[in-house]
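Take a look at the letters that make up each chain.
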Amino acid sequence: MQALPVAVRAGLVALVGAALVAPLSWLPASTATAVAGAMHLVALVVALVAMVRSARRGDVVGARSRWCLAAALLAVAAGSLIGLALTILTGSIPVPSVADPVSLAWVPFAIYGFWKVPKREGAGAGGALQLMADIAVALTALLYASYLWILQPLANTGRWTPTGRAVELSYPLLDVTVAAMVLSLLPRARADMRAFLNVVACGLILIVVSDSGSVLLLAERGVASFGWPDVTLQAGMMLLAYAARMRSRTRLNERRASSVLDRNLPYLPIAVAGSLGLLHVALVGPLDLWQALMGAAMLVAIVWRQSLYASALAGTAEAHRSAAVTDALTGLANRKAFISRLTEHLSTPGVGPAAVVLFDLDGFKEVNDTLGHDAGDEVLIAFAAALTSAAGGGLAARLGGDEFALLVVADGDPVSMAADVATQVNARSFSRVHGGPRGIRGSAGVAALLAGDTPSEAMRRADLAMYAAKQSGRSGVQVFTPSLAAKADRRSLLVAALPGAAARGELHLVYQPLFRLNDGQLTGAEVLLRWDHPLLGAVGPDEFIPIAEDAGHIGGLGAWVREQSLAQVAAWDRAGLQLPRLFVNVAAAEFVPELPQHVAALLAGHRLLPDRLALEITESRLPGEAALPIMASLRSSGVHLALDDFGTGYSSLSQLAHLPVDILKIDRDFIGNLGEQSGRPMLDAIISLGRALGLTTVAEGVEHLAQAAEAANAGLDYAQGYLFSRPLPPAELAELLGSARPLPTLPVPRTEVRTTVLHSAED
Ligand code: C2E
Ligand code: CA
Ligand code: CA
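Every chain is numbered independently, its residues counted from 1 as its sequence is written. Whichever chain is written first is A, and whichever ligand is written first is 1; the rest continue in order. In keeping with the predicted nature of the model, local features appear solely for residues at pLDDT of at least 70, side-chain atom pairs appear and are counted solely at 80 or more, and the whole-chain, interface and lining totals rest on all residues. Processing note: side-chain calculations cover all non-hydrogen atoms of the structure and skip hydrogens and water entirely.

Trainee: Help me understand the site of ligand 1, please; the structure alone is not making it clear to me.
Mentor: Taken together, 22 residues sit near ligand 1, with Gln512, Asp644, Arg668, Glu703 and Tyr722 positioned nearest. Side-chain atoms alone can form a polar contact between residues adjacent in sequence; in general such a contact is a pair of N or O atoms within 3.5 Å, and within protein one must be able to donate a hydrogen while the other accepts it. Here a nitrogen atom of ligand 1 sits 3.1 Å away from a polar atom, N or O, in the main chain of Leu529. In these tables, accessible area is a Shrake-Rupley quantity obtained with a 1.4 Å probe, and a residue counts as shielded only by the protein chains included in the view. Computed on the free molecule, ligand 1 has an accessible area of 780 Å², of which 86% lies beneath the protein chains in the complex. Under the scheme used here, helices are H or I runs from DSSP no shorter than 4 residues and strands are E runs no shorter than 2 residues, and both carry numbers assigned from the N terminus. The set of elements that each furnish at least two residues to the shell around ligand 1 consists of strand 9 (522-533), helix 19 (541-551) and strand 13 (640-646). Take the shell around ligand 1: its biggest share by element is four residues, from strand 9. For the shell around ligand 1, a count of residues per class yields nine nonpolar, four polar and nine charged. A single heavy atom is enough: if one lies within 4 Å of a molecule or strand, its residue is considered near that molecule or strand. Residue classes follow a fixed rule: Ala, Val, Leu, Ile, Met, Phe, Trp, Tyr, Cys and Pro count as nonpolar, while Asp, Glu, Lys and Arg count as charged, and any other residue, Gly among them, counts as polar.

The following block contains the structure:
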């Protein structure tokens, strides 16, 4: 039994109820009436007890409805007992009798119980009128059917006093009301109530049908005696008893919002009325005026209900449509709406020139991360407001996240107009998330819409321009130019080609020597990476190293450089050519905890002392705090650390003092400035700073003799630059290492410059 669906089990219960009573028709009428009455009473008491017990259970859903149903059953039981007492005492039940008001009390209890059933979420919104319309349809339809078959025959019966007729008529009238309420409320009940309520509703409707039927039989026969209403009554009672025993507990709404049954339930009374109307016409004859008027009332109710539902449906469709094209947070158009407007514009001839602007907020992630999502939302809303007010007639949209877009249509020059608007937006948008007003800035890219464009082509150009604006780092506005596209194409080509470049043999290394300024000794060489791309030719590290860093490929490249160059140094060692120290560039992203171990393993593998290696870190791209222990661990292993391009990164004095470096490579801009007035004092300041911190100083990019002389005079330790040597292929550096002749006869006398003794790789 447990495995069967509720509907099947309930159907079986109803069938058993009917099957228990139906055979009584073979008994003599009076016996059948008495036995059926006793069976009804037993079923009634069972249902009543079960309902009270279930209503008292704390965890049951709809306890209030169960109490009401119990009260309704109690009213019926009390009415039956009074009727029984009257029969015993007087031999029959008069019409009307005191039993009538008691029995009829079941109706308000049943209706109230159903009315109080917990409603489904959303069923209440805008639903009061719809509920009334549903009740009106059910009521008029059932009234019509009941009028044809029960109410009218009952009213026309010659039996009883007018009061008695009125009392008897109130049974089928109230029955119809109960049925209409139950059918209209059922689809609105909460999901976890439904199994219970479905069974209760079936039970109630069976009882209602039986109730009306027995009044009709009473009118026909004059005495209450056994008939078909006893069969449906027993089935209905047993269904109520079964429903009371159903253990539906509080569960989440797991049922679909509305089922096929829910949607079609309102049509059930119409179907009943329609078929009973046809049957009446077929068996009894054409409708009289009152019957026709009742039918018309039903039709009016149906039309009212359908128009109500149709307009509600139209409203829902409109709400869905606008939700589908607007951004919920800012109320701007969403990406879909923006693209479709763009498509529309591009496919409509003669609509005039237009441009798109793409915005990406600067620093939005930090606001979200540090101040929370509410602050982030506020920033987005404030920016959207500024965008709307600056947009004029243009379409402003939020594409998602912190990306916004604008479509500007203008007769003159839409691009410069769009650029103006973008500048205005940046000037106008403020948020108060930091307490006081704070500017919100976006990087903006502007692109004109071209004839024959697809929306995605136009968006891509605006995106490229926006990316360029972002790169510039000034919250600026960038207008698309074809060179941006070429740059982006080249960039994506490089990103794709980088990871396999070493394996394909496209990479090689060159070595630029460093010299000690006071005696001209070669003291080391910096290894520099070269890439010969098969299509693009030589690609400089200034171009591909930042790309590798962005694309996350720098780790592999750096490891390759360290492995190759240290192997080279070891090979030179074995050939008796000692490079005193190798300088290797290391990008910020390479300062991972595994770096010291990788370096140590390489040095040990090649039998090189750590002192033979210096790692260069660019000052302007210093790794974060987390890298400090990694740097310290490298330093303590004996590897040297150099601060590269010093002077470009504006390190503070205190920062410098905390960095575990021992070499300062002074950027070539300072060396280049040496001829100018301000050059030397700056250099002197840097050198004394370096001295104070006990650092070795290196002059980078020395191209002219005068610079070398000044650098030497200022007291710099080493120099590197085209004046002495260009970066060299390994073979040429080996030659330099092997040449016994001590290199350029430095030092240059501190006061004068001797040009003749210096040789440069440039010539
Ligand atoms: P850097 O570390 O400052 O390297 C020195 C750059 O200055 C080299 O350019 C070198 O050729 C150039 N240079 C040397 N002497 C002179 C001179 O007298 N005048 C002028 N104008 N330039 C001179 P290169 O080889 O193009 O390297 C550029 C940058 O690429 C390097 O700057 C470095 O930051 C990066 N880089 C090169 N190889 C690697 C590498 O293996 N790993 C990493 N992470 N970065 C590398
Ligand atoms: Ca360097
Ligand atoms: Ca440098």
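Trainee: Looking at this model, I keep getting lost on the coordination of the calcium ion (ligand 2). Mind explaining?
Mentor: As a benchmark, a tetrahedral metal site with four donors has ideal angles of 109.5 degrees, while an octahedral site with six donors has ideal angles of 90 or 180 degrees. The rule for donors is simple: N, O or S, within 2.8 Å of the metal, or within 3.2 Å if the metal is Na, K or Ca. Water isn't counted, so a site may look like it is missing partners. Looking at the metal site, the calcium ion (ligand 2) is ligated by Glu526 (OE), Asn585 (OD1), Glu616 (OE) and Asp644 (OD), spaced 2.1 to 2.3 Å from it. Between consecutive donor residues of the calcium ion (ligand 2), the sequence gaps follow E-x58-N-x30-E-x27-D. Taken as a pair, the calcium ion (ligand 2) and the calcium ion (ligand 3) lie 3.8 Å from each other and share Asp644 as a ligand. In this pair, Glu616 sits in strand 12 (residues 613-618) while Asp644 sits in strand 13, placing the two residues 28 residues apart along the sequence. Comparing Glu616 with Asp644 shows no difference in burial state: the two are buried. To sort residues, take the accessible area from a 1.4 Å probe on protein chains only and compare it with the maximum for the residue type: under 20% means buried, over 50% means exposed, and anything in between is partly exposed.

Trainee: Any chance you could explain the sheet that holds strand 2 (residues 395-400) here in plain terms?
Mentor: Strands belonging to one sheet form pairs held by backbone hydrogen bonds; the direction of such a pair is parallel or antiparallel. Note: two strands are recorded as paired if DSSP finds a minimum of 2 bridges between them. Spatial ordering of the open sheet is given by 2-3-1-6-7, a layout of five strands whose pairing is mixed. Across the chains shown, the open sheet's two edge strands, defined by having one partner strand only, are strand 2 and strand 7 (477-479). Averaged over all adjacent pairs, the angle separating strand axes in this sheet is 20 degrees, with direction ignored. Relative to strand 3 (residues 403-409), strand 2 runs antiparallel, the two sharing five bridges. To obtain an axis, a line is fitted to C-alpha atoms, over the contacting stretch when the element is a helix, and the angle between two such axes runs from 0 to 180 degrees between their N-to-C directions.

Trainee: Could you clarify how one ought to interpret the packing of aromatic side chains in this entry?
Mentor: Here the distance between the centres and the angle between the planes together describe a pair of aromatic rings. Aromatic pairing here means that ring centres of Phe, Tyr or Trp (its six-membered ring) are within 6.5 Å. Orientation follows from the plane angle: under 30 degrees is stacked, over 60 is edge-to-face, and everything else is tilted. Under the definition given, this model contains five aromatic pairs. Measuring from ring centre to ring centre gives 5.4 Å for Phe359 and Phe383, while their planes differ by 70 degrees; the resulting arrangement is edge-to-face. In this pair, Phe359 sits in strand 1 (residues 354-361) while Phe383 sits in helix 15 (residues 373-391), placing the two residues 24 residues apart along the sequence. Of the two residues examined, Phe359 and Phe383, each falls in the buried class. Ring geometry for Trp531 and Phe544: centres 5.5 Å apart, planes at 90 degrees, overall edge-to-face. Here Trp531 is found in strand 9, whereas its partner Phe544 is found in helix 19, with 13 residues between them in sequence. For the pair Trp531 and Phe544, a shared accessibility class is recorded, and that class is buried. An aromatic cluster is present here, built from Phe359, Phe383 and Phe404 joined pairwise through their rings. When the ring centre of Tyr309 is taken as origin, the NZ or CZ atom of Arg305, which lies over that ring, is 3.9 Å away. Here, a charge over a ring means that NZ of Lys or CZ of Arg falls within 6 Å of the ring centre while also lying within 35 degrees of the ring normal.

Trainee: Can you help me understand the coordination of the calcium ion (ligand 3) in this one?
Mentor: The protein atoms that coordinate the calcium ion (ligand 3) are Asp644 (OD), Asp645 (OD), Glu700 (OE) and Glu700 (OE), at distances of 2.1 to 2.7 Å. Between consecutive donors of the calcium ion (ligand 3), the numbers of intervening residues give the motif D-D-x54-E. Given a relative accessible area of 5%, Asp644 falls into the buried group.

Trainee: Whenever I open this one, the state of the cysteines confuses me. Can you help?
Mentor: Formally, a disulfide is one covalent bond, and it connects the sulfur atom of one cysteine to the sulfur atom of another. Whenever a pair of cysteine sulfur atoms sits within 2.5 Å, that pair is classed as a disulfide. Summed over the entire model, instances satisfying the criterion amount to zero disulfides. Here Cys202 stays free of any disulfide, with the sulfur of Cys68 as its closest cysteine sulfur at 20 Å. The class for Cys202 is partly exposed, based on a relative accessible area of 44%.

Trainee: Whenever I open this one, the pairing of strand 1 confuses me. Can you help?
Mentor: Within strand 1, eight of the eight residues are buried, which leaves it mostly tucked inside the rest of the structure. Because side chains alternate across strand 1, one face comprises the buried residues Ala354, Val356, Leu358 and Asp360, and the other comprises Ala355, Val357, Phe359 and Leu361, equally buried. Here seven bridges tie strand 1 to strand 3, and the two strands are oriented antiparallel to one another. By the bridge assignment, Ala354 is partnered in strand 3 with Val409. The pairing of strand 1 with strand 6 (residues 442-448) spans seven bridges and is classified as antiparallel.

Trainee: Looking at this structure, how should I read the pattern of salt bridges?
Mentor: If the charged atoms of two oppositely charged side chains come close together, the side chains can form a pair. Salt bridge, as used here: a side-chain nitrogen of Lys or Arg that lies within 4 Å of a carboxyl oxygen of Asp or Glu. Here the structure, examined in full by the defined rule, presents 23 salt bridges. As a salt-bridge pair, Arg321 and Glu318 come within 3.5 Å of each other at their nearest N and O atoms. Of this pair, Arg321 and Glu318 both sit in helix 12 (residues 289-325), three residues apart, roughly one helical turn. On the accessibility criterion, Arg321 (49% relative accessible area) is partly exposed. According to the relative accessible area criterion, Glu318 is partly exposed, its value standing at 41%.

Trainee: Even after reading the chapter, I still don't get a nonpolar patch on the surface, so can you show me in this structure?
Mentor: Patch construction takes residues with relative accessible area above 30% that form no salt bridge. Like charges are linked within 9 Å, and nonpolar side chains (Val, Leu, Ile, Met, Phe, Trp, Tyr) are linked within 5 Å. Residues Leu4, Val8, Leu12 and Leu15 make up a contiguous nonpolar surface patch of roughly 330 Å² in combined accessible area. The topology assignment puts Val8 in helix 1 (residues 6-21). By relative accessible area, which is 38% here, Val8 ends up partly exposed.

Trainee: Please clarify how the packing of helix 5 (residues 106-115) against helix 7 (residues 162-185) should be interpreted in this entry.
Mentor: Helix-helix packing is described using two parameters, namely the angle between the two axes and the distance between the axes. Remark: helix 5 packs on helix 7, axes separated minimally by 10 Å, with the N-to-C direction vectors making an angle of 10 degrees. With respect to each other, helix 5 and helix 7 are oriented roughly parallel. The residues of helix 7 that touch helix 5, namely those facing Trp106, Val107, Ile111, Phe114 and Trp115, are Leu174, Asp175, Thr177, Val178, Met181, Val182 and Leu185. Residue composition of the contact of helix 5 with helix 7, grouped by class: ten nonpolar, one polar and one charged. The cut-offs work like this: below 35 degrees is roughly parallel, past 145 is roughly antiparallel, 65 to 115 is roughly perpendicular, and the gaps in between are oblique. Should any heavy atoms of two residues lie within 4.5 Å, those residues are considered in contact.

Trainee: Whenever I open this one, helix 15 confuses me. Can you help?
Mentor: Since the α-helix packs 3.6 residues into each turn, any two residues three or four apart lie on the same face. Multiplying 1.5 Å by the helix residue count minus one yields the expected span of that helix. When the terminal C-alpha atoms of helix 15 are compared, their 26 Å separation across 19 residues agrees well with the 27 Å that a helix rising 1.5 Å per residue should span. Turning to helix 15, its buried residues are Ala375, Gly376, Val379, Leu380, Ala382, Phe383, Ala384, Ala386, Leu387, Ala390 and Ala391. Following helix 15 by one or two positions, Gly392 has its phi on the positive side, about 65 degrees.

From the geometry alone we can't say anything about function, so treat these as descriptive.
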